[in-house]
Amino acid sequence: MSYSPDRRHFLRTVGAGAAVSTLAFKAPYVFAKKVTTLRVMGTHVTLQEELRQRAMRELGINLQFIPMGSAAVLQKAAADPTSFDLYEQWSDSINILWQAGAIQPIDVDRLVYWNEINDLTKIGKITPSAKLGAGDAPNKILFVQNDGSLASTPTKKISFMPYVHNVDSFGYNTDYIEKGQAYETESWSWLLDDKNKGKVALVNAPTIGIFDAALAAQGQGLMTFNDIGNMSIGELDKLFAILLSKKRQGHFSGFWTSVPQSVDFMKTKRVNIQSMFSPGVSACRGQGIPVVNASPKEGYRAWHGVMCLSANTSGHVKDAAYEYMNWWLSGYPGAFIAQQGYYISNPQRSQPLMSKPEWDYWYEGKEATTELIGTDGKISVQAGHTRDGGSYIKRFSNIAVWNTVMQNYDYSLDKWYELLNA
């Protein structure tokens, strides 16, 4: 006998009716409301327990967080859209997910705070004079066109809901490396400087670490790129020849896959300098490790968080997904995530929920007038400290490249794993 959707619906209906009938005999005044479960796949960066608990309380839904490493979560989501309802990660995953048919368009008319989202996402620049940056600026892959492609021309359908974002670079321990001047002497080239041999690590994420390495090679004068956001096969060959040579000489001490691992690399003195994300820098400082989040003279590598609807999400689960997306831009989540140095796409809604010292430090780049607490409840900023790189506007005005899936992504992936296994 075929087991059609109609038959499944009929059996569920009959089953539900039987259950209610039984319940009526045993407890005629007790009825349980079915709670919608929303499965959110992503990384530990945003899938934090404090946010899960708060959202469940405020939205009345059950949230199941499925955190994995950056590469693993992208591979899983692209291969199996039935494994998640919402996807949280970075904009460099969009092209892969979209081409795989793993995500569906989001209706901007269902996003309550769409009109509050700032220009960084919608036009790619935080201010008209800011650098756009090479690679996939978020506006380039945001809007779904009539032919199903992604482009910068505004439409009513988008590939992702913009939310958290930041600029990344590298962190270095000033006990071993002399503190440089932001935007003047700090340079990506330090990652490949022979003075740091054996004490260098890169993030193990092909769409991220490759740009750190490329910026370092270019900064060292070892090579140049026609378009660092879209490297040619020849440029990739040359870059990885440099990196393989460095690795065989013992230059790299490791490749980390999670923020806690990057903190451990610093804590155990395995590295003095490495690719780093803001929460890792804050965690190191909270443990008394003097790590500086560099502001490279060449510019930052920027990333933009994306929240995406699985191609399989529908019905009441889809309604819950929109509720959760709207919740993320409602104020509290942005104020919470600022405590680990991340920005939100409509910061004006989060500002009233932040203390003045928090707003001044994280968004305005001013000196901390008191100790600030991180998302882990521990002190992450000491009074008297000023945020590395300055204000939100200053940091996002200096972008060298965005995390990007290049046209030669498959080839770069092969080269990356060749480097790891060498």
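In case you missed it, the structure is sitting above this.
So, here's what we can say about the structure. Note that the coordinates shown come from a computational prediction; the quantities given were computed from them, not determined experimentally.

The next point concerns the overall build of the protein. For the protein, the helix and strand inventory stands at 15 helices and 17 strands. Since a compact globule built from 422 residues should have a radius of gyration of about 22 Å, the 23 Å found for the protein is in line with a globular shape. Projecting the C-alpha coordinates of the protein onto the three principal axes gives extents of approximately 80 × 50 × 45 Å. When each of the 422 residues of the protein is scored for burial, the buried share is 55%. Look at the contacts in the protein between residues 6 or more apart in sequence, and 68% of them connect residues 24 or more apart. Entry remark: accessible area of the protein is about 18000 Å², with carbon and sulfur atoms responsible for 51%. When the 41 basic and 39 acidic side-chain charges of the protein are each reduced to a single mean position, those positions are 4 Å apart.

As a further point, take the pairing of strand β12 (residues 273–276). The pairing of strand β9 (residues 161–173) with β12 spans 4 bridges and is classified as antiparallel. Residue pairing in the sheet places Ser169 in a bridge with Met276 of β12. Here strand β10 (residues 200–203) pairs with β12 via 2 bridges, running parallel. Residue Val200 lies in a different strand from β12, and its bridge partner there is Ile273.

Right, let's talk about the packing of helix α6 (residues 206–219) against helix α7 (residues 233–248) for a bit. Packing of α6 against α7 leaves a shortest axis separation of 11 Å and a crossing angle of 85°. With respect to their mutual orientation, α6 and α7 come out roughly perpendicular. From α6, Ile210, Ala213, Ala214 and Ala217 reach across to α7, where they touch Leu236, Leu239, Phe240 and Leu243. Of the residues assigned to the contact of α6 with α7, the class counts are 8 nonpolar, no polar and no charged.

When helix α2 (residues 49–59) is considered as a whole, its buried residues turn out to be Leu51, Arg52, Ala55 and Met56. Each buried residue of α2 sits inside an arc of 130° when the element is viewed along its axis, so together they form one side. Residues of α2 that are buried make contact with β2 (62–67), α10 (315–328) and α11 (332–337). Of the residues flanking the end of α2, it is Gly60, one or two places downstream, whose phi is positive at about 70°.

Summed over all chains, the structure comprises 25 aromatic pairs. With 6.0 Å between their ring centres and 55° between their planes, Phe170 and Trp190 make a pair best called tilted. A residue pair is termed long-range when its members are at least 10 positions apart, and Phe170 in strand β9 and Trp190 in the loop between β9 and β10 qualify at 20 residues. A relative accessible area of 15% places Trp190 in the buried class. One aromatic cluster is present, built from ring pairs that chain together Tyr343, Trp359, Tyr363, Tyr392, Phe396 and Trp402. The cationic tip of Arg54 hangs over the ring face of Tyr332; the distance from NZ or CZ to the ring centre is 3.7 Å. Directly above the aromatic system of Tyr183 lies the positively charged group of Lys394, at a separation of 4.9 Å from the ring centroid.

About the thresholds
Residues numbered from 1 in each chain as written. Predicted model: local features only at pLDDT ≥ 70, side-chain atom pairs only at ≥ 80, totals over all residues. Heavy atoms only, no water. Helix = DSSP H or I, 4+ residues; strand = E, 2+ residues; numbered from the N terminus. Rg over C-alpha atoms; globule rule 2.2 N^0.38 Å. Buried < 20%, exposed > 50% of the residue type's maximum accessible area, 1.4 Å probe, protein only. Contact = heavy atoms within 4.5 Å. Areas by Shrake-Rupley, 256 points an atom, 1.4 Å probe, with all protein chains shown as cover. Lys, Arg positive; Asp, Glu negative; His and termini not counted. Charge placed at Lys NZ, Arg CZ, Asp CG, Glu CD. Pairing = 2+ DSSP bridges. Axes fitted to C-alpha atoms, helices over the stretch in contact; angles between N-to-C directions. Parallel < 35°, antiparallel > 145°, perpendicular 65-115°, else oblique. Nonpolar A, V, L, I, M, F, W, Y, C, P; charged D, E, K, R; others polar. Arc of directions from axis to C-beta. Phe/Tyr/Trp six-rings, centres within 6.5 Å; stacked < 30°, edge-to-face > 60°. Lys NZ or Arg CZ within 6 Å of the ring centre and 35° of its normal.

Function cannot be inferred from these measures alone, as they are strictly geometric.
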